[in-house]
Amino acid sequence: MQSQHDMATAVSLLTEEQLLCPICLDLFNQPVSTPCGHNFCRDCIQGYWQSANLSQCPMCKQKFYRRPELKVNIFISDVASQFKKSLQKKKEEEASSLDQYSGHKGNVSCDVCVGKGVKALKSCLDCLASFCETHLEPHHVLGTFKKHHLINPMMNMQDRVCTKHEKLLDRFCNTDQTCVCQMCIKRDHNAHQTVPIEDEGRDRRAQIGRINADVEEMIHGRLEKISKINQSVQLSRGNTEREIEESLQVFNNLLHLVQRGQAEVVEAIGAKQRQVEGKARGLILELEQEIEELRRRNAELEQLSQIEDDLYLIQSFPAFSTLSATKDWTSICVESALYVGTVRRAVRRVACQLEETVKAEVKRLCETEFKRVQHCAVDVTLDPDTAHPKLVLSENRRQVHHGDIALRPTDDPERFYPGVSVLGKEGFSSGRLYYEVQVKGKTEWDIGVGLQSVNRKGGNILNPETGYWALGMRKDKSYWALSSTPIRVPLVGKPQRIGVFVDVEWGQVSFYDVESASHIYSFTGYSFGERLFPYFNPRRNHGGVNSAPMIISPFNV
C-alpha cells in the first residue's frame, strides 16, 4: 500500500519532459540506464549503437570499451507506465466532460425512468426530455408527438431552454455572442445578426479544429526546440572535449621540452662529476702504488739498521742510500667540479626552444580561433539616421569618411553630434557576430560596438561604463583599448583591416588583425543587457590627412 502511495507521489511530482526518451522524445518504453547514469528506451539506445557503430552515451558522449549489458529500470518503467495511465485517465475525464454536452458519447438516462438509470434512446427538442425505448413509443404512435424533433440522446436538456421565455434556444446572436430563442429575436435581437445554432456549432467546430491544429503545431515546434537544444548541448560538449584535448596537447609539448632540458642539464652535470671522479681514482691508484713501494723500502732500511756487522752494513748501504725515482706530487691536484653558467646556458637554450614553440603554438591557435570567429560573420551596413551631419556615406552604406560640409540636420534625436560617429543599421541582442572594417590609409579611427541607449549628444567618452567597447588608433600610430583607463596595445605592424567579434551571451568583444590572423585585444566578462550595434568613428579628416574612408567588408552570409 505504501509502495503504491510512493509511486503516485513520484508521478505527481514529475513532468512529462522528465519521462521523455532523449532519442525518440516520447515517454519511456522499457527504459534502461547506461553506466554514466542517462536513461533511454531500450530499442532506441540499441538502435543508436547499431547505426553509429560506436558504444557511447548519446548525451554525455562517454565511450564504453565494452557494450554494456542493459537491463530495464523497473522503477522508471513503472513511473512511466503510471504517468501514461494518468494521462489516459485525464483524457477520458476531459472526453467525458465534453460528452455530456455533445451527446454523441456517454450514457444519457431516461428522464421518465427516474432513479432507474435506464439508458435513453432519443432526446426530444420539443419535449426537452430524453426517453428510453418504452417511453419514446408515443412519439412514434401519436400524431401530435410525431411532429417533434428527435435527436441522439443529450444530457442537460433543460439548458437548451430560454430561461426568460421558456422556448427552445435554436438561434445564435453574433452581435451579442449568445444563444437566443425565437421570442428573444422578436423582442430584443430583431436588428441583430442571428444564425441557426447548428450553423454556429459547425463554425465553432471548425475553429476548434484550427485551434487544435495550431496547438499540435506548437507542441511539435517545442519538441523540435527541445531536440535542437539537446543537439546544441551535445555539440558544445564535443567542442569542449576537443578544446580540452588540444590544450592538453599544447601544454604536454611545452612540459616535454622542459623535462627534456632538465634531463640534459642533469646528464651534463653528472658527466662532469664522473670525469672528476675518474681522474681522482687514477691519481689515488698511482699514489697508493708509490706508498706501497716506499713502505717496502722503509722495511728494508729498518732491517738493515738492525744489523750489528759493521762491515756488512758498510758494504750493503750503497744499494739503499738512494731512493727509486718517484713523481713530484707538489703541483698535482684534482680540481672540484665548478659549474660556471652550465645551468644558465641550459635554461637559456630551453627557454629559446620554449619561446619558439610557444610562438608557433600561439600562431596556430590564433589562426584556428580566427577561422572560428569568421564563421560568425554577419552583414553590416551603416545607419544614416545616426550619422554625424558631416559624415559622408557611400550609396551602399558600407563606406564612411568625414567631410567638410554638413549634409544633415544636427537636432535629430538619434544622430551623433558633435561626436563624429555612426552606428550600424543592424542591432544584435543574442548570439555571436563578426565583421571586418578596412582602415588602410587612415591616421585615426575608433571601431567597436555600442549599446542602443548610448548618449549621442555631447562629447563621447568611449569606455564600457558609457556603453562602448572599442579599439582606437591615434595619429602617433599608437593603438588603444578604450577601457575606463585606456590600455595601450603594442602591435608590431600596422593593421590594414580590423576584425570585430562579439559573443553576446558570454559578454565578450574581441579585435583581430585580419591580414596576420592575430588577436589584438579582448573585453571579457560583461553583461550587455540590451541590443548592441556596430560602432564606427572615422574621426575628423584634418585637412585631408585622415580623409581615407572606413570600409565595411561584405560577407556572403
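Here we summarise the structure given alongside this text.

About the criteria used
Residues numbered from 1 in each chain as written. Predicted model: local features only at pLDDT ≥ 70, side-chain atom pairs only at ≥ 80, totals over all residues. Heavy atoms only, no water. Buried < 20%, exposed > 50% of the residue type's maximum accessible area, 1.4 Å probe, protein only. Helix = DSSP H or I, 4+ residues; strand = E, 2+ residues; numbered from the N terminus. Pairing = 2+ DSSP bridges. Arc of directions from axis to C-beta. Contact = heavy atoms within 4.5 Å. Salt bridge = Lys/Arg side-chain N within 4 Å of Asp/Glu carboxyl O. Axes fitted to C-alpha atoms, helices over the stretch in contact; angles between N-to-C directions.

Observations concerning the pairing of strand β10 (residues 399-402)
In β10, alternate side chains face the same way, and those of V400 and H402 are buried while those of Q399 and H401 on the opposite face are not. Here three bridges tie strand β9 (residues 391-393) to β10, and the two strands are oriented antiparallel to one another. Bridged to L393 within β10 is V400. Connecting β9 to the antiparallel partner β10 that follows it, the hairpin turn spans five residues, and R397 within it adopts a positive phi of roughly 60 degrees. As judged from the two bridges shared by β10 and strand β23 (residues 550-552), these two strands associate in the antiparallel manner. Among the inter-strand pairings, V400 is bridged to a residue of β23, identified as M550.

Considering helix α2 (residues 42-52)
Of the residues making up α2, those classed as buried are C44, I45 and W49. Considered in projection along α2, the buried side chains sweep an arc of 130 degrees and stay on one side of the axis. The outward face of α2, more than 90 degrees from its buried face, is lined by the exposed residues D43, Q50 and S51. The inward-facing, buried residues of α2 contact β1 (31-33) and β2 (39-41).

Here we look at the pattern of salt bridges
In total, this model carries 22 salt bridges according to the counting rule given. For K164, the salt bridge is made with D188, and the minimal N-O distance between the two is 3.2 Å. Here D188 lies in the loop between α6 (182-187) and β8 (194-196) and K164 lies in the loop between β5 (150-151) and β6 (171-173), a separation of 24 residues in the sequence. A residue is classified by how much of its surface remains accessible, and D188, at 40% relative accessible area, is partly exposed. Salt-bridge contacts for E200 lead to R204; the nearest nitrogen and oxygen are separated by 2.8 Å. Here R204 and E200 lie together in helix α7 (residues 197-305), a separation of four residues that amounts to about one turn. A relative accessible area of 34% places R204 in the partly exposed class. Because the salt bridges share partners, they merge into one network encompassing E243, E246, E361, R364 and R372.

Topic: the sheet that holds β6
The antiparallel open sheet is built from three strands, whose spatial order is β7-β6-β8. The open sheet terminates on both sides in strands that have one partner only, identified here as β7 (178-180) and β8. Within the sheet, the average angular offset between the axes of one strand and its neighbour, ignoring direction, is 35 degrees. With three bridges joining them, β6 and β8 adopt antiparallel strand pairing. Within the sheet, the bridge partner assigned to F172 lies in β8 and is V195. On the sheet, α7 packs against β6, β7 and β8 and is oriented at approximately 85 degrees with respect to β8.

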